[in-house]
Amino acid sequence: MHYIPTPMHIPDGFLNWVISILCWLITIAVVGIAISKTNKSLGERQIPLMGVMAAFIFAAQMINFPVAGGTSGHLLGGALAAIVLGPWAGMLVMTAVIAVQALLFQDGGLLVMGANILNMGLATAAVGYGLYRSAASSSKGVKLGVTGVAAWLSVMTGALLTTLQLWLSGTSQLAVVFPAMMGVHALIGLGEALITVFALGFILQARPDLLGEGSESAKAGSGWVWVGGLIALTVVLLSPLASADPDGLERVAINAGFIHYGQSAPFSIIPDYTIPFLGQTSISTITAGIVGVVIVGLVAFLIGRGVRARS
Amino acid sequence: MHFDAFDRYHDRESFAHRLDPRVKAVVTIMFILSNALLPDGAWLAFAMAWGVMLFSNHLSQLGLGYTLKRSIVALPFALIAITVLFSNAGNPLWTMRIFSSQVVITDTGLLRFVSILIRSWLSVQMAILLVAVTRFPDLIHALEHLKVPAILTTIIAFLYRYLFVLIDEVFRLLRARESRSGAATGIASGGSVVWRAKVAGGMAGQLFLRSYERSDRIYNAMLSRGYAGRLYTLNPHEMKSGDYFVTAFFVVTIFLIQVVGRL
């Protein structure tokens, strides 16, 4: 089958039970709120809609485009789902997608499904929708530009959460995995941003009514701007900090006593000697991040101009 | 595309196939949780867990190679765990030089790495077995009985029902792109990466509109057949003596595994 597994689905065994259950609790709480909110605001008509939309996200992940050297970009969909369906319905749709990926394809584990839903479904939807909402009343060009940044940051948020969970489970060393994961996802996020922007641009052109006044997407409260903005800001601030000084982050976790719950085998990052190429990697991550933001912004700007010129 | 093109269900007449899907779902989760609870290097307990896996595999009549072959899906993720090899607590086993820097593999690091791989390998095989011996609609129904909210199980049921329809739609879109992407030898086809992304994005948007409009038709069709917000099934689940036996077997065995793992 043309099924592309993404490098963010954590399999069973890679998170310890404390982190797994903690993530499940957060996920259950947020999904519970999402269910009660959608039950209130949506009629029974919306249930088949959300089901088909979940199948849409699943199927849309198979649309890819060649980038370079045999690699290809494709969609994860958290931001797009939240933007077109509204944040709560988007979260439910992503939860269903991730559950089926784990159940049918073993892409992602069962005990760690709470973490996977949190990383790829809930966080991406919150960041994606929150930032999009901040530009909801702006012109189409600005809206699409912000959407691109939102999609890119949603992927980075997912990657950051995944890395932190793996590290707190004692499954990986922060100093190595953090720059690697963030670097790879800075690129994956670019593909996500491009497809999301162009898909949304097409929808706005073909069926503007679906996102206009009275749609689920426009009805959600402006509190989302704060939620999404705060998460995005944390990611933006934490990423360079953690890349440049992973030991610092580790110390914070040790001081907070959190790492004891997380790790059954106590180990810490090599304190006595530094590995030169790691330093380079973290610098390259920050650079990749900055270059990513600049490229996304530039592309968004150009698209915005192109769209305006046409209309 | 056939409706079950994605299904991992393998039709057989076996004890495991006949078990109640609720029992199968619960014992699978119990087994995976048990693996996560075992401390590093609990070799005897890991061996016992493997025995339970092999026994369950035997009950399913799928052949020993079945889960083994498919269990490689989680392997690429091991790359991320490889860094625990260099944990600094413990005695150095092996020192190597990468780019003029010293990297030391320690015994605690190796112990942890191998334990993570074993946990993951055992867990993923049980999950593979679960979907191989349970029809997906039965599994969704079991989740509903296990108090997963109806709205979620309904979304999952719809996802499963219409996935192959929308995948057919994706194939049509991909075929359309292919047929319009002429290429001559020596001349690069298509435009820049951004242009290609624009095409892919347009396709995703198009797929969204088609799905959206289809969901409208689906809803109207359902209404015309008397849909009132609930899906019904003719497949009531009943616990039989075999189901109680399997549940009891797993509870006792997992308890034993946990005791042995902590000795």
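Residues numbered from 1 in each chain as written. Chains lettered and ligands numbered in written order. Predicted model: local features only at pLDDT ≥ 70, side-chain atom pairs only at ≥ 80, totals over all residues.

Visitor: For this particular structure, what's the right way to read the overall build of chain B?
Guide: The secondary structure content of chain B amounts to 10 helices and 2 strands. Since a compact globule built from 263 residues should have a radius of gyration of about 18 Å, the 25 Å found for chain B marks it as more spread out than a globular shape. Across the 263 residues of chain B, 39% fall into the buried class. The long-range share in chain B, meaning contacts at least 24 apart out of those at least 6 apart in sequence, stands at 76%. (Helix = DSSP H or I, 4+ residues; strand = E, 2+ residues; numbered from the N terminus. Rg over C-alpha atoms; globule rule 2.2 N^0.38 Å. Buried ≥ 20, exposed ≤ 12 C-beta atoms within 10 Å, placed from the backbone. Contact = placed C-beta atoms within 7 Å.)

Visitor: What is the right way to look at the overall build of chain A in this model?
Guide: Tallying secondary structure elements over chain A gives 12 helices and 2 strands in all. What you see in chain A, going N to C, is helices and strands ordered as α-α-β-β-α-α-α-α-α-α-α-α-α-α. Within the span of chain A, comprising 311 residues, buried residues form 57% of the whole. Expressed as a percentage of contacts within chain A between residues at least 6 apart in sequence, the contacts between residues at least 24 apart total 80%.

Visitor: When you look at the interface of chain A and chain B in this model, what are you seeing that I'm missing?
Guide: Interface size, as often reported, equals the accessible area lost upon joining of the parts. Contacts between chain A and chain B engage 78 residues on the former and 78 residues on the latter. Taken together, the elements giving at least two residues each to the side of chain A that touches chain B come down to α1 (17–41), α2 (46–60), β1 (64–68), α4 (87–105), α7 (174–206) and α12 (276–310) of chain A. Among the elements that line the side of chain A that touches chain B, the one with the most residues is α2(A), at 13 residues. Grouping the constituent residues of the side of chain A that touches chain B by class yields 55 nonpolar, 18 polar and 5 charged. (Nonpolar A, V, L, I, M, F, W, Y, C, P; charged D, E, K, R; others polar.)

Visitor: Please clarify how the environment of B:Ser192 should be interpreted in this entry.
Guide: Residue and element names in this part refer to chain B. As for its position among the elements, Ser192 is in the loop between α8 (150–179) and α9 (193–224). For Ser192, a count of 8 C-beta atoms within 10 Å puts it in the exposed group. Taking the C-alpha atoms as reference, Ser192 lies 41 Å from Leu152; in sequence the two are 40 residues apart.

Visitor: So what exactly am I meant to see when it comes to the packing of α4(A) against α8(B) here?
Guide: When two helices pack together, their arrangement is given by the angle between their axes and by how far apart the axes lie. Here α4(A) crosses α8(B) at 60°, and the two axes come no closer than 9 Å. Note on packing geometry: the crossing formed by α4(A) with α8(B) is right-handed. Residue-level contacts link A:Leu92, A:Val93, A:Thr95, A:Ala96, A:Val97, A:Ala99 and A:Val100 of α4(A) to B:Ile151, B:Leu152, B:Ile155, B:Ile156, B:Leu159 and B:Tyr160 of α8(B). Looking at the contact of α4(A) with α8(B), its residues break down into 12 nonpolar, 1 polar and no charged. (Axes fitted to C-alpha atoms, helices over the stretch in contact; angles between N-to-C directions. Left-handed = near helix turned anticlockwise from the far one by under 90°.)

Visitor: Looking at this model, I keep getting lost on unusual backbone geometry. Mind explaining?
Guide: What is expected of a backbone is that most residues other than glycine have negative phi and most peptide bonds are trans. A positive phi is found at A:Gln106, a non-glycine position, where the angle reads about 55°. Residue placement: A:Gln106 occurs in the loop between α4 and α5 (113–134). Look at A:Gln106 and you get buried, because 25 C-beta atoms sit within 10 Å. Backbone geometry at B:Lys147 places phi at a positive 75°, although glycine is not the residue there. With respect to the secondary-structure elements, B:Lys147 resides in the loop between α7 (136–145) and α8. Given 7 C-beta atoms within 10 Å, B:Lys147 falls into the exposed group.

Visitor: Looking at this structure, I do not really get the environment of A:Leu85. What am I missing?
Guide: Residues and elements named next belong to chain A. Within the secondary structure, Leu85 is located in helix α3 (residues 78–85). Residues Leu85 and Ala218, 133 residues apart in the sequence, show an inter-C-alpha distance of 9.2 Å. Beyond its immediate chain neighbours, meaning those up to four positions away, Leu85 contacts Met53, Gly90, Val93, Glu216 and Ser217.

Visitor: Help me understand the confidence of the model for chain A in this model?
Guide: When pLDDT is low, close inspection of the predicted coordinates is not appropriate. Averaged over every residue, the pLDDT of chain A is 77; the share at 70 or more is 73%. For residues 257–290 of chain A, every residue scores under 50 in pLDDT, and the model assigns this stretch 60 contacts once sequence neighbours within four places are set aside. (pLDDT = per-residue confidence, 0-100.)

Visitor: Just checking my understanding: could you explain helix α3 (residues 43–60) of chain B for this structure?
Guide: For the α-helix, the turn length of 3.6 residues means that residues three or four positions removed from each other point alike. Residues and elements named next belong to chain B. When the terminal C-alpha atoms of α3 are compared, their 26 Å separation across 18 residues agrees well with the 26 Å that a helix rising 1.5 Å per residue should span. Of all the residues in α3, the buried ones are Ala45, Phe46, Met48, Ala49, Val52, Met53, Ser56, Asn57 and Ser60. Residues of α3 that are buried make contact with α1 (15–18), α2 (21–37), α4 (65–70), α6 (107–133) and α10 (241–261). Gln61 sits one or two positions beyond α3 and adopts a positive phi of about 60°. (Expected span 1.5 Å × (residues − 1).)

Visitor: In this structure, what is going on with the packing of α2(A) against α4(A)? I would like to understand it.
Guide: Residue and element names in this part refer to chain A. Look at α2 against α4: their axes get within 9 Å of each other, and the N-to-C directions meet at 60°. In terms of their interaxial angle, α2 and α4 are classed as oblique. Crossing of α2 over α4 shows right-handed handedness. Mapping the contact onto sequence places Met50, Met53, Ala54, Ile57 and Phe58 in α2 and Ala89, Leu92, Val93, Met94, Ala96, Val97 and Val100 in α4. (Parallel < 35°, antiparallel > 145°, perpendicular 65-115°, else oblique.)

Visitor: Can you walk me through α8(B) in this structure?
Guide: For α8(B), which comprises 30 residues, the first-to-last C-alpha distance of 43 Å matches the rise-based estimate of 44 Å (1.5 Å per residue) to within 8%. Considering bend angle alone, the principal kink of α8(B) is centred on B:Tyr162 and spans about 45°. (Bend = angle between axes of the 7 residues up to and from the residue.)

Visitor: Got a minute to help me understand the environment of B:Ile82 in this structure?
Guide: The topology assignment puts B:Ile82 in the loop between α5 (78–81) and β1 (92–98). Linking B:Ile82 and B:Leu117, residues 35 residues apart in sequence, is a C-alpha distance of 9.9 Å.

Visitor: Which parts of the structure should I look at to understand the confidence of the model for chain B?
Guide: Looking at chain B, the pLDDT average stands at 85 and 92% of residues meet or exceed 70. Two summary scores accompany this predicted model of the complex, namely pTM at 0.84 and ipTM at 0.88.

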